[in-house]
Amino acid sequence: MQSDGGLTPMEQFCGSRAVLSGPAGGVVGYAVTCYGFTEKKPVIGFDMGGTSTDVSRYAGQYEHVFEATIAGITLQAPQLDISTVAAGGGSRLFFRSGMFVVGPESAGAHPGPACYRKGGPLTVTDANLALGRLLPSYFPKIFGPGENEPLSTEETMKHFRKLTQEINHFLSTNQSSSSASGRHHSEMSVEDVAMGFISVANEAMCRPIRALTQAKGHDTSEHVLACFGGAGGQHACAIARALGMKTVFIHKYSGVLSAYGLALADVVEEVQEPCSLQYVAGSYSELDRRIEELSQRCDQILHKQGFSSSQISIEVFLHLRYEGTDCALMITAAGHPSNAHSCRSGDFRTAFTKRYLKEFGFTITDRPIMVDDIRVRGSGKSGIRSKVQPKEGQKSPRPIKMTQCYFEDRYLDTSVYLWENLSCDHSIQGPAIIIDKNSTILVEPACVAHLTEDGDVCIAVGMGTQCVLGTELNTIQLSIFSHRFMSIAEQMGRVLQRTSISTNIKERLDFSCAVFGPDGGLVSNAPHIPVHLGAMQETVQFQIKAAGGSMQEGDVILSNHPCAGGSHLPDLTVITPVFRDGMSAPVFFVASRGHHADIGGITPGSMPPHSTSLQQEGAVFTSFKLVTGGVFQEKAVTEALMAPAQYPGCSGTRNLRDNLSDLRAQVAANQRGCQLVGELITSYGLEVVQAYMGYIQSNAELAVRDMLKDFARRRRQETGSLEVEAEDQMDDGTPIRLKVQIDEQEGSAVFDFTGTGTEVWGNCNAPRAITLSALIYCLRCMVGQDIPLNQGCLKPVKVIIPPGSILQPSQNAAVVGGNVLTSQRVVDVIFRAFQVCAASQGCMNNVSFGCEKSGYYETVAGGAGAGPTWNGRGGVHTHMTNTRITDPEILESRYPVILEQFSLRPDSGGKGLYHGGDGVIRKLRFRSPVVLSVLTERRSTRPYGLHGGKNGVPGLNLLHKTDGRVLNLGAKNTISLDPGDMFSLFTPGGGGYGRVDEQDEDHQLPSKRRCLHELQDTV
């Protein structure tokens, strides 16, 4: 079985193409058994196992992706589009800083959940057992050290009683703050706690389902939920109800459906080859010829494996995209037969435009369609299908026993049935439990289950009773609201990625989306770009003050000025107020920030290395009305984007079309956020939503205070002091100094940057918002657990930044490097003060090139610093950025450049007990005249090691001229290149952590000298 859902002969098996073979078997299983039964309604696969839950979608054809990140490793291979969330039956349960947390840690098979009698922790399985939803008498006696005992309800309840005491103690000790406002917390029972964890786990599993459907323009509620996996049946009704689904389908082999799917899968042979043709009439004959050749190759291979012609089906795909964009879609012409204006295999143009409109909400009619690849998938069908004789039985099903199950706020009498005793004419009213040899199904109240003729269970999901939620704090709902707010920001990000057009946003993912309260305070920021975290809050709050109550529904504001909370000018922030009927002021704000590849200025890419004033860096927006009364102000924003041309040596934007398209995409993303916030308010009421907004911010504040108290306690025991300090320098010698004074009793701290160098004549000045972003990122990392990213993280902290310094420059200071360089140094200084880890590469290695008509910009990875228990990763982005690098094929096809080398830089990480990560080597050879700009740091200073670890190797920027000369470009430069010139980038390595013994240290010195000699050889 392969990850793409097809079988392959054993001698052709390849491990990298079968990493998801188990989940893929499940997709095949429900696609074959469920899709036909549901009258061709699209199906969501919900596979809940022991450690995680996999979700997928099927609507008549398998949805494939060709790149996915699995366990932190990116694999490029055909695979079914399966999303995984770390919430399974074995996911551990925690109560942290007032919030219920499920996973991502798992108890595993050993020791397993607490009920396994092997000393394991509390898990989701234990929660279901505590609520009476699992019946130990129907499980085999294979538990305990001797593997001969039943599940232990006693062990589960003992753990839950202890955890409930801890939760009630937390609530009572925090009673004083709530009592002041007249709110009181009643004690929680064991059942309340267990039910709370189930609710939080369900919400965690709903998030990837919403993403899988809504991110591609589908309505989640119009799907059937096909539930399988050992733990899935216990959560199916609740998940479906939360998502608005009306039907749950559970196959009779749901506990082993992945294995069953393997037996039903087709043998698949795929061939694919690149293509660079336009999809126009002049190319149809060539496309038909190549499609025919590939089809014959698949047909011949399957014939050799014993399939007859009647068993073989051929499916043709074209990998299509609009010219000038990087978002290609793998398109089949199924349902779109050929005509006089298409190739013989079908009308791919119509199929492509319909799919593009469905997923992205628009089409680009004035651009030709390009064919990147031709793919042919041949399937040899075995014809194996499971046929079951319908079983008819008694008029009404008889339960084998009655039990008590806990739902929401009370126990209910629950009927228990054995699946094998049920027949196709039986209906079962919830609450009920249906038990099979491999799974347990919970039919919740207001749901009705019946058996199909094939012996499967189909559940009609009712709405049930809706509990009215008040404004008082409910710790369970606190966790659920945290998921909901984060889901809004994530869905905004997916809309922005879908509807944008530029490489920077759609492919490199250089954007962030967030939700803000009526005061502009950050409520939820999706995990996009760390350097945007605190800065966006400053931007929203500036606009609230600037508007002075003049904002109207239908207005959208554009801003990028550093004095208005901007990071640097290419980062354009689009802000939309959220209004409610009867309210004159906004009740929430949503915002999106995206890096535009060019907004004018003195160099292509708008990242000039030697800018000395803000005007040289591109178009400036302070409080610009991008949309007024629902009308996009295209003329006005075009004039503003072209305005930099009025300054000497400057140009207006060099890519206006992409700027306008991406701004529209940001407006669309914000509109989606407004819609989702509105739906949340409609469901719960404005007062409740705003109350939980405040509780979530308070929760983040509490987590940071706990971290500061714990650090202060350890610091006092070790040194007797509650003060830490650190210093590092920029390449030009400008110091960044930090002194932190911690209050152990309050869990607060003063971060004082007094002594930091003055504003520089250059662009490494960082607006105040950048320092706040770096600080909120560092605090979030040091907390060491998953907490909401919001303004509460900064509430225990006072920040002192001297005006006129490099961290709070004057209004018109150049700042383009502060966002991408100085921000990294601020992080290094904070982590050095707290002794968290060695320095990472300390740079984003900004490279831009282009001409007057277009520009390209990228940031390049380096080495991560090592820490107390880990080696630093090599070739990764660190700290304040996490953008992707552009694919080599896209880079070379769209721009006049050849990627000669892209590899790790050996021995560039600092040595130590734990090694720093290696930097990278990236060599670009240019095919036409361009202007190249490099904006980098850590070229003369080295990333520091910690606790005896060695420093990382600094970076190096070299230019190879066609006449044989090799030039050192320095850290920051702009130069005109000729065809054939090559730029070589050597990025810094991370620092090492921990001292090694003298013998090892002596051995490493010649290794470092060899590294320098090797570097000289490469240049």
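Look up: the structure comes first, before these words.
Here goes a summary of the coordinates provided. (Residues numbered from 1 in each chain as written. Predicted model: local features only at pLDDT ≥ 70, side-chain atom pairs only at ≥ 80, totals over all residues. Heavy atoms only, no water.)

Moving on, we come to the overall build of the protein. Assigned secondary structure in the protein consists of 19 helices and 42 strands. Relative to a compact globule of 1019 residues, whose C-alpha radius of gyration would be 31 Å, the protein shows 30 Å and is just as compact. Dimensions along the principal axes, computed over C-alpha positions, put the protein at roughly 90 × 80 × 70 Å. Across the 1019 residues of the protein, 59% fall into the buried class. Within the protein, contacts between residues at least 6 apart in sequence are counted, and of these 69% link residues at least 24 apart. Looking at the protein as shown, the accessible area adds up to about 39,500 Å², and 50% of this sits on carbon and sulfur atoms. If you average the places of the 91 positive and of the 103 negative side-chain charges in the protein, the two averages end up 0 Å apart. (Helix = DSSP H or I, 4+ residues; strand = E, 2+ residues; numbered from the N terminus. Rg over C-alpha atoms; globule rule 2.2 N^0.38 Å. Buried < 20%, exposed > 50% of the residue type's maximum accessible area, 1.4 Å probe, protein only. Contact = heavy atoms within 4.5 Å. Areas by Shrake-Rupley, 256 points an atom, 1.4 Å probe, with all protein chains shown as cover. Lys, Arg positive; Asp, Glu negative; His and termini not counted. Charge placed at Lys NZ, Arg CZ, Asp CG, Glu CD.)

Counted by the stated rule, this structure contains 26 aromatic pairs. Look at Phe485 and Phe588: their rings are 6.2 Å apart centre to centre, the planes differ by 40 degrees, and that puts the pair in the tilted class. Linking Phe485 in helix H10 (residues 475–499) with Phe588 in strand E27 (residues 588–595), this pair joins segments that are 103 residues apart in sequence. On the accessibility criterion, Phe485 (1% relative accessible area) is buried. We classify Phe588 as buried; its relative accessible area is 0%. The interplanar angle of 50 degrees and the centroid separation of 4.7 Å between the aromatic rings of Phe711 and Phe834 together place this pair among those described as tilted. Here the residue Phe711 occupies a position in helix H15 (residues 686–719), and Phe834 occupies one in the loop between helix H17 (816–833) and strand E34 (846–850), the gap between them amounting to 123 residues. We classify Phe834 as buried; its relative accessible area is 5%. (Phe/Tyr/Trp six-rings, centres within 6.5 Å; stacked < 30°, edge-to-face > 60°.)

The next thing to look at is the nonpolar core. Note that soluble globular proteins tend to have their nonpolar side chains buried in a common cluster. Counting residues in each nonpolar core, the largest one holds 63 residues, and the members touching the most others are Phe751, Phe753, Leu779, Ile830 and Phe834. When contributions to this core are tallied by element, the ones reaching two or more residues are H15, strand E30 (723–729), strand E31 (735–743), strand E32 (748–752), helix H16 (768–783), strand E33 (797–800) and H17. Tallying contributions element by element places H16 first for this core, with 10 residues. Apart from residues lying up to four places away in sequence, Phe834 is in contact with Leu708, Phe711, Val740, Ile742, Phe751 and Met782. (Core = buried A, V, L, I, M, F, W, Y, C linked by side-chain atoms within 4.5 Å.)

In this section: the environment of Leu676. Assignment of secondary structure puts Leu676 in helix H14 (residues 656–684). Residue Leu676 is classed as buried on the basis of its relative accessible area, which comes to 8%. Ignoring sequence-local partners within four residues, the contact set of Leu676 consists of Ile488 and Gln491.

A word on the sheet that holds strand E24 (residues 522–525). With antiparallel pairing, the seven strands of this open sheet are ordered in space as E24-E23-E27-E26-E25-E28-E29. Strands with a single pairing partner mark the edges of an open sheet, and in this sheet they are E24 and strand E29 (631–632). Of the pairings in the sheet, the one linking strand E28 (residues 624–628) to E29 comprises two bridges and is antiparallel in character. Pairing of Val627 across the sheet is with Phe632, part of E29. Each of strand E23 (511–516), strand E25 (556–559), strand E26 (571–578), E27, E28 and E29 is contacted by H14, which is oriented at about 30 degrees to E26, the strand it contacts most. (Pairing = 2+ DSSP bridges. Axes fitted to C-alpha atoms, helices over the stretch in contact; angles between N-to-C directions.)

This next bit is on the environment of Cys563. As for its placement among the helices and strands, Cys563 is situated in the loop between E25 and E26. Sequence separation of Cys563 and Met157 is 406 residues, and the distance between their C-alpha atoms is 56 Å. Those residues in contact with Cys563 that sit more than four places away from it in its chain are Phe542 and Gln811.

A separate point is H16. The end-to-end C-alpha separation of H16 is 23 Å, in line with the 22 Å expected for 16 residues at 1.5 Å each. Here H16 lies mainly inside the structure; 13 of its 16 residues are buried. In the segment just after H16, Gly784 is the residue with positive phi, at about 75 degrees. (Expected span 1.5 Å × (residues − 1).)

Taken as a whole and assessed by the stated rule, the structure comprises 37 salt bridges. The partner of Glu937 in a salt bridge is Arg825, with the nearest N and O atoms 2.8 Å apart. Highlighted residues: Glu937 in the loop between strand E38 (930–935) and strand E39 (956–960) and Arg825 in helix H17, separated in sequence by 112 residues. The two residues Glu937 and Arg825 agree in class, both being buried. Across the pair Lys961 and Asp981 runs a salt bridge, and its minimum N-O distance is 2.8 Å. In this pair, Lys961 sits in the loop between E39 and strand E40 (966–968) while Asp981 sits in the loop between strand E41 (972–977) and strand E42 (982–986), placing the two residues 20 residues apart along the sequence. Owing to a relative accessible area of 0%, Asp981 belongs among the buried residues under this scheme. Connected through salt bridges with shared partners, the residues Asp4, Glu270, Arg375 and Arg377 form a single ionic network. (Salt bridge = Lys/Arg side-chain N within 4 Å of Asp/Glu carboxyl O.)

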